[in-house]
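Listed below, chain by chain, are the residues.
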Amino acid sequence: MTVSAASRLEMKQISIAFPGVKALTDVDFHTAAGRVHALIGANGAGKSTLMKVLAGAYGHYTGHILMDGKEARIRSPKEAKQHGIQVVYQEVDTALIANLTVGENIMLEKTVHDMTGRHWVRWKGLHQSAQAILERMNVKVSTRKLIQDLTLAEKQMVLIARSVAMKCRFLVLDEPTAPLSKTETEQLFRLVRLLKSDGVGIIFISHRLPELFEICDDITIMRDGRLVVRDEIRKLDHQQVVEHMLGAKLDGQFPCRKREIGEICFEARGIHDSGKVNDVDLHIRRGEIVGLAGLVGAGKTELCRALFGASRASTGDMYLNGRKLRIKSPHQAVRSGIALVPEERRREGIFVDEAVSVNLTAASLSRFAKWGSWLSSAAEKKAAVEMIANLGIKTPNEQAKVKNLSGGNQQKVAIGKWLLVDADVYIFDEPTKGVDVGAKRDIYDLVAELAARGKCILYASSEISEMTGITDRVYVMYDGRMIKELESDKTNEEEILLYSTGGL
Ligand SMILES: Nc1ncnc2c1ncn2[C@@H]1O[C@H](COP(=O)(O)OP(=O)(O)OP(=O)(O)O)[C@@H](O)[C@H]1O
Ligand SMILES: [Mg+2]
């Protein structure tokens, strides 16, 4: 395969529509080799769509793509790759073959592309070439390992290595850091800097502004399918970027809450779960937002799942309003008054082929059924439409299929579904992962409102600022254990981080 060595990439007047949605309107975008370019905008602004156009995923856009000033006809993935364009999408699993080795995943596409006529695949050479790329990237993963045995961060590295094998000139990373820990993110950044010094142009999509300011040279801000600003990133500050994205000022990152905290309502004692959760005790008062802090991998997700009856191996006792609960399944948890907004929302939280309204009301059907079958659909629709407005879910209407929404808007649907359930205890596992700053605020507001209604909230997050921002009390987990309990107004981010890393 020949890859053109263009050093300038331009997209001009790009427009594209899907049934009921004008996703992009006359968008101009340009970047160059050796630059790291931030692409930012609220959920549904059109970032992923613009990059999919560049990757040749859609044939029906209008506008032009130019490489070094010359028209590049990009209407298929193959044409995009011939121009040296590679994209690492957020759903890394779908892009890799789980039961093949790291080496095969890195090299097979290239091998197939390079083949002319009948050909043997030289397996030894394949692993050597893959090894050389990984070494150059400073990634320590054996090329003989199976993809299914890798962590998410490692899978991402394999995808980047594959792009390098394909000799990419421009690499798009669509929200690469959302699922990564701090150390993994730092490793990714070292790699981005290395690729940059090799002359690769990188387009970096992320909702984490501090990261963009750290790693990017230029920035393009989009809003509602249009270009708003393009500049060198150092010419803008955090506040200005947010205002351009939202088209309005954000009044404070976190809501001001009037706290009315009651009696202990929920209690868990001696929770164990197959080594990932060890002897955890916790309690939540009525109207209290309790944070669950800890690094990625500390056991927060496992604890949330254990409390929700979603883990087979878990043991321990739980009490709600003084009554002992028997919870062996999520179904029993919901019936007992416990709701969980899971972290793995795409896998566990939503039916992508169903309508937004079906998804939003899926967990609370009993609430609508009591109205009788005729009335229920009206009540269901009303509830769905209200939740769409409350969370600012960007969708043409409540009938649209979830798979056609942007990544962040799919997250909001998964959250909305559980907010419609009438529970006593709401457990949130990383609810703001992958959502834009405006939507984050909407989610904080809703969490605060639930607390104001006397609900018990357990809020698990690896964003430490959220702990001091919205919680009343914080439990810190480290290596499966609850190692510290802190009053939110008497602690700070440094202290929480210190305990999260096992310090003291
Ligand atoms: N295949 C499709 N069919 C219908 N609508 C689509 C399709 N792809 C994208 N859209 C719509 O285009 C708009 C832009 O979506 P896009 O995924 O590009 O947003 P985004 O900026 O990447 O958002 P996020 O930060 O949430 O990932 C959204 O309103 C989305 O619903
Ligand atoms: Mg997206």
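Residues numbered from 1 in each chain as written. Chains lettered and ligands numbered in written order. Predicted model: local features only at pLDDT ≥ 70, side-chain atom pairs only at ≥ 80, totals over all residues.

1. Section: the overall build of the protein
Each helix and strand in the protein was counted, giving 18 helices and 20 strands. The C-alpha atoms of the protein give a radius of gyration of 24 Å, which matches the 23 Å a tight globule of 504 residues would have. For the protein, the C-alpha atoms occupy an extent of roughly 70 × 45 × 45 Å along the three principal directions. Counting across all 504 residues of the protein, residues that qualify as buried make up 48%. For the protein, the proportion of contacts with a sequence separation of at least 24, taken over those separated by at least 6, is 69%. (Helix = DSSP H or I, 4+ residues; strand = E, 2+ residues; numbered from the N terminus. Rg over C-alpha atoms; globule rule 2.2 N^0.38 Å. Buried ≥ 20, exposed ≤ 12 C-beta atoms within 10 Å, placed from the backbone. Contact = placed C-beta atoms within 7 Å.)

2. So, the site of ligand 1
As a structural note, the neighbourhood of ligand 1 is formed by 19 residues, with Phe-18, Asn-43, Ser-48, Ser-406 and Gly-408 the closest of them. Elements represented by at least two residues in the shell around ligand 1 include exactly strand E2 (21-32), helix H1 (47-54) and helix H15 (407-419). A breakdown of the residues in the shell around ligand 1 according to their chemical character gives five nonpolar, 11 polar and three charged. (Near = placed C-beta within 6 Å. Nonpolar A, V, L, I, M, F, W, Y, C, P; charged D, E, K, R; others polar.)

3. A word on the domain arrangement of the protein
Taken domain by domain, the protein consists of domain 1 (8-84 + 168-249), domain 2 (92-167) and domain 3 (264-337 + 424-433 + 456-504). Centre-to-centre, using C-alpha coordinates, domain 1 lies 25 Å away from domain 2. Listed by partner, the interface residues are 11 residues for domain 1 and 10 residues for domain 2. Among the elements that line the side of domain 1 that touches domain 2, the one with the most residues is helix H6 (residues 182-197), at four residues. Across the side of domain 1 that touches domain 2, the residue classes tally to seven nonpolar, one polar and three charged. (Domains from an automatic or database assignment.)

4. Side note on the environment of Glu-463
Inspection of the secondary structure assignment puts Glu-463 in the loop between strand E18 (456-460) and helix H17 (464-470). A tally of 14 C-beta atoms within 10 Å means that Glu-463 is categorised as partly exposed. In this structure the C-alpha to C-alpha distance between Glu-463 and Ala-439, which are 24 residues apart in sequence, comes to 15 Å.

5. What about the sheet that holds strand E8 (residues 201-205)?
Strand order in the open sheet formed by six strands is E6-E7-E8-E3-E9-E10, and the pairing between neighbours is mixed. Bordering the open sheet on either side are strand E6 (85-88) and strand E10 (226-232), each of which pairs with just one other strand. Direction aside, neighbouring strands of the sheet carry axes that sit 20 degrees apart on average. Sheet topology note: the strand E3 (residues 36-41)/strand E9 (residues 218-223) ladder contains five bridges and is parallel. What sits directly across from Gly-41, in E9, is Met-222. In the packing of helix H5 (residues 152-165) onto the sheet, contacts are made with E6 and strand E7 (170-174), and the angle to E6 comes to roughly 175 degrees. Lying over the sheet, helix H8 (residues 238-246) contacts E3, E9 and E10, oriented at roughly 30 degrees with respect to E9. (Pairing = 2+ DSSP bridges. Axes fitted to C-alpha atoms, helices over the stretch in contact; angles between N-to-C directions.)

6. Some remarks on the nonpolar core
For soluble globular proteins, the rule of thumb is that nonpolar side chains tend to be buried together. In this structure, Ile-427 and Val-447 are the most contacted members of the largest nonpolar core, which totals 75 residues. For this core, the element with the highest residue contribution is helix H16 (residues 437-452), accounting for six residues. Those residues in contact with Ile-427, other than ones at most four positions away along the chain, are Cys-304, Leu-307, Phe-308, Ile-338, Ala-339, Leu-340 and Leu-458. Residues Ile-40, Ala-72, Ile-106 and Val-158 belong to the second largest nonpolar core, which totals 72 residues. (Core = buried A, V, L, I, M, F, W, Y, C linked by C-beta atoms within 7 Å.)

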